[in-house]
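Residues per chain are reported as follows:
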Amino acid sequence: MMKPYLLLAFVSFSYAFPTSSWDQLSHRLMETRMKRDIHGRQDPVAVVTGLTQIPDADHPFMAPGPTDQRGPCPGLNVLANHGYLPRSGIVTQADIVSGVSEGFNMAPDLAGFLSLVSIAYDGDLVTGKFSIGGPDSRTSLLGALQNILGVEGGLDYHAGIEGDASATRDDAYFGDDHTMIPELYAQMKSIAANYGGLYTLEAMKDLQQLRHQQSVQTNPTFYFVPLASALDIGAKAFITVFFTNGTYGDGGVPNEESISSFFGAQLLPNGSYQFVPERFPDNWYRRGTPFTLLDGIGQILDFYSTRDIPFGGNAGAVNTFEPLDIPALTNVNGMACFIRDAIQANVPSSVSQPIQVVEQVISSVVSVVDPLFENFGCPAFNASETQAYAAINELQNGS
Ligand code: HEM
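Residues numbered from 1 in each chain as written. Predicted model: local features only at pLDDT ≥ 70, side-chain atom pairs only at ≥ 80, totals over all residues. Heavy atoms only, no water.

Going by the annotation in an unreviewed UniProt entry, the name recorded for the chain is Cloroperoxidase, with Obba rivulosa given as the source organism. Annotation of the chain in UniProt includes, under Sequence similarities (unreviewed entry), the sentence "Belongs to the chloroperoxidase family." What the UniProt record of the chain gives under Cofactor (unreviewed entry) is the line "heme b". (UniProt positions renumbered as here; feature names shortened; annotations may be inferred.)

See the structure below:
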């Protein structure tokens, strides 16, 4: 509803100005309003009518304690910092599905898929738990003894589902793949500046291409292969479609005020940034419609087909990028089936479990993933993709 003082202003202006002046004035007012929005002072009521404000009173911010796990995903970190996920950062699939739905309106099929692959690659198949940060004996039935069987690395574990060319995290080659790097945050902000300060999907696509180029040029072990790389692309889209204040495309404003709070990027007087624990911005409203697995795959395809970001890897030295030898990915079903196959084709080389349980990992993941992907009409598993992966892995290993 229009606020009374705005209504009054409208009435008196319309008496005072002839139509053409009124047109000019209303145009100027609109411009001022847009500038205000870009700088983060948008009126949340006007933008977000009908949406749910997050966090609610039951989910106050609390900085993580010394034993609480936090990792490469700002979305999960912020949910844990507000208690939408267990504050310990040790989670189950059920925790994730309800937490991401309540906090961000992520649909259960996408949340189910992401948590399932996290358990399989980075967590414990028996307890169904994983750590949203580093390895932690609390994920395993066997506790510390689990290390004999294989590391449950948590989301920090590289090449499980954590990948290279991330928005604000370094490649694992440089040491730490999970901490927000202020300089990378500033780089992302400078790309948004090309789009009027807004973190739009186009801006995030530019960022993906830049991070891909930077990894080719600086990381001899750069590895950009699904599953991790597809999720890495999807995560760039998440910045726009989830962190925006309100539904993107329907009044949402992906501005600096929202985005910096989610990344824990605190601006210092000298213009640089420092990391502080992630928190929901003030006056923030989650998107109005659930974001599904189909939406996510659609975004990955859109990024992949509109920017130069091929799947593949460097062959042990910088600037030696070899693309993965796969058929062109031109539609959502093709991309969906390729991602599904990647789980089967590439699991043995990347899963954080000993070889004895790899078979078990594959069959349990595939049996749960397949029903999620059944609407995409995927043909039976394409074994030739295994060869493409084997070739790229050999290149990487120098054999
Ligand atoms: C549902 C379970 C989820 C899992 C298992 C998960 C896992 C991950 C992982 C492993 C990464 C690192 C990817 C990489 O190295 O490139 C990541 C990054 C990211 N995630 Fe999540 N995520 C989940 C949900 C979410 C949600 C709900 C959001 C947003 C609301 C989100 C936003 C992001 C963003 C923006 C990044 C990129 C961070 C960066 O590169 O700087 N994620 N996530």
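After that view of the structure, there is still more to cover.
What follows deals with the state of the cysteines. Here, disulfide denotes a covalent bond that connects the sulfur atoms of two cysteines. Counted according to the given criterion, the structure contains one disulfide. The disulfide partner of C337 is C378, and the gap between their sulfur atoms is 2.1 Å. The sign of the S-S torsion, about -90°, decides the handedness of the disulfide formed by C337 and C378: left-handed. Here C378 lies in the loop between helix 14 (355-372) and helix 15 (384-397) and C337 lies in helix 13 (residues 332-350), a separation of 41 residues in the sequence. (Disulfide = S-S within 2.5 Å. Helix = DSSP H or I, 4+ residues; strand = E, 2+ residues; numbered from the N terminus.)

In this section: the site of the ligand. With respect to spatial proximity, 26 residues lie near the ligand, and among them C73, E162, A167, T168 and D232 are the closest. Contact distances for the ligand include 2.8 Å between an oxygen atom and a backbone N or O atom of A167. Among the cavities detected, the one that contains the ligand is the largest cavity. Tallying contributions element by element places helix 10 (residues 228-243) first for the shell around the ligand, with six residues. Within the shell around the ligand, the residues separate by chemical class into 18 nonpolar, five polar and three charged. (Near = heavy atom within 4 Å. Polar contact = N/O pair within 3.5 Å; in protein donor to acceptor, adjacent residues only side chain to side chain. 1 Å grid on protein atoms, 1.4 Å probe; cavity = no way out; pocket = protein on both sides within 12 Å on 5 of 7 lines; lining within 4 Å. Sits in = over half its atoms within 2 Å of the grid points. Nonpolar A, V, L, I, M, F, W, Y, C, P; charged D, E, K, R; others polar.)

Okay, the packing of helix 8 (residues 182-193) against helix 11 (residues 256-263) next. With their axes 12 Å apart at the nearest point, helix 8 and helix 11 run at an angle of 160° to one another. When the interaxial angle is binned, helix 8 and helix 11 end up roughly antiparallel. Here helix 8 and helix 11 pass one another in a crossing that is right-handed. Residues Y185, M188 and K189 of helix 8 pack against E256, I259, S260 and F263 of helix 11. Across the contact of helix 8 with helix 11, the residue classes break down as four nonpolar, one polar and two charged. (Axes fitted to C-alpha atoms, helices over the stretch in contact; angles between N-to-C directions. Parallel < 35°, antiparallel > 145°, perpendicular 65-115°, else oblique. Left-handed = near helix turned anticlockwise from the far one by under 90°. Contact = heavy atoms within 4.5 Å.)

Quick look at the pattern of salt bridges now. This structure, assessed with the given rule, holds eight salt bridges. A salt bridge links E202 to R307, with the shortest nitrogen-to-oxygen separation between them at 3.1 Å. Here the residue E202 occupies a position in helix 9 (residues 201-218), and R307 occupies one in the loop between helix 12 (293-306) and strand 6 (312-314), the gap between them amounting to 105 residues. Residue classification places E202 among the partly exposed residues on the basis of a relative accessible area of 35%. Linking D341 and R340 is a salt bridge whose minimum nitrogen-to-oxygen distance equals 2.7 Å. R340 matches D341 in its accessibility class, with the two residues each being buried. (Salt bridge = Lys/Arg side-chain N within 4 Å of Asp/Glu carboxyl O. Buried < 20%, exposed > 50% of the residue type's maximum accessible area, 1.4 Å probe, protein only.)

A few words on the packing of aromatic side chains. Here the structure, examined in full by the defined rule, presents 24 aromatic pairs. Arranged with centres 5.3 Å apart and planes meeting at 40°, the rings of F280 and W284 form a pair that is tilted. The pair F280 / W284 is uniform in exposure class, with both members buried. Connected via pairs of aromatic rings, a cluster forms that spans Y84, F104, Y185, F238, F242, F243, F262, F263, Y273, F280, W284 and F291. (Phe/Tyr/Trp six-rings, centres within 6.5 Å; stacked < 30°, edge-to-face > 60°.)

Let us now look at the coordination of the iron atom of the ligand. Protein coordination of the iron atom of the ligand is limited to a single donor, C73 (SG), which sits 2.3 Å from the metal. Topologically, C73 is positioned in the loop between helix 3 (44-48) and helix 4 (74-81). (Donors = N, O, S within 2.8 Å, 3.2 Å for Na, K, Ca; no water.)

We now examine the sheet that holds strand 3 (residues 223-224). Consider a sheet: its strands pair through backbone hydrogen bonds, and that pairing is either parallel or antiparallel. On the basis of which strands lie adjacent, the open sheet formed by three strands has the order 3-6-7 and antiparallel pairing. The open sheet is flanked by strand 3 and strand 7 (321-323), the only strands paired with a single partner. Pairing of strand 3 with strand 6 involves two bridges; the strand directions are antiparallel. For F224, the partnering residue across the bridge sits in strand 6 and is G312. Here helix 15 sits on the sheet in contact with strand 3, strand 6 and strand 7, set at roughly 10° to strand 6. (Pairing = 2+ DSSP bridges.)

A few words now on empty space enclosed by the protein. Inspection of the entire model under this criterion finds one cavity of 30 Å³ or more. Its volume calculated, the largest cavity comes out at about 860 Å³. Contributing to the lining of the largest cavity are 42 residues, with P72, C73, L231, A235 and F238 lying nearest its centre. Of all elements in the fold, only helix 4, helix 5 (93-104), helix 6 (108-122), helix 10 and helix 12 reach the threshold of two or more residues within the lining of the largest cavity. A per-element tally of the lining of the largest cavity places helix 10 first, with 11 residues. (Points joined across faces, edges and corners; volume = space filled by probe spheres on them.)

Here the focus is the packing of helix 8 against helix 9. Running from N to C, helix 8 and helix 9 point in directions that differ by 135°, and their axes come no closer than 9 Å. Judged by the inter-axis angle, helix 8 sits oblique to helix 9. As helix 8 runs across helix 9, the sense of the crossing is right-handed. Of the residues in helix 9, those touching helix 8 at L184, Q187, M188, I191 and A192 are A203, M204, D206, L207, L210, R211 and Q214.

With that settled, the discussion passes to the side chain of D341. The topology assignment puts D341 in helix 13. Residue classification places D341 among the buried positions, given a relative accessible area of 4%. Apart from residues lying up to four places away in sequence, D341 is in contact with F381, N382 and E385.

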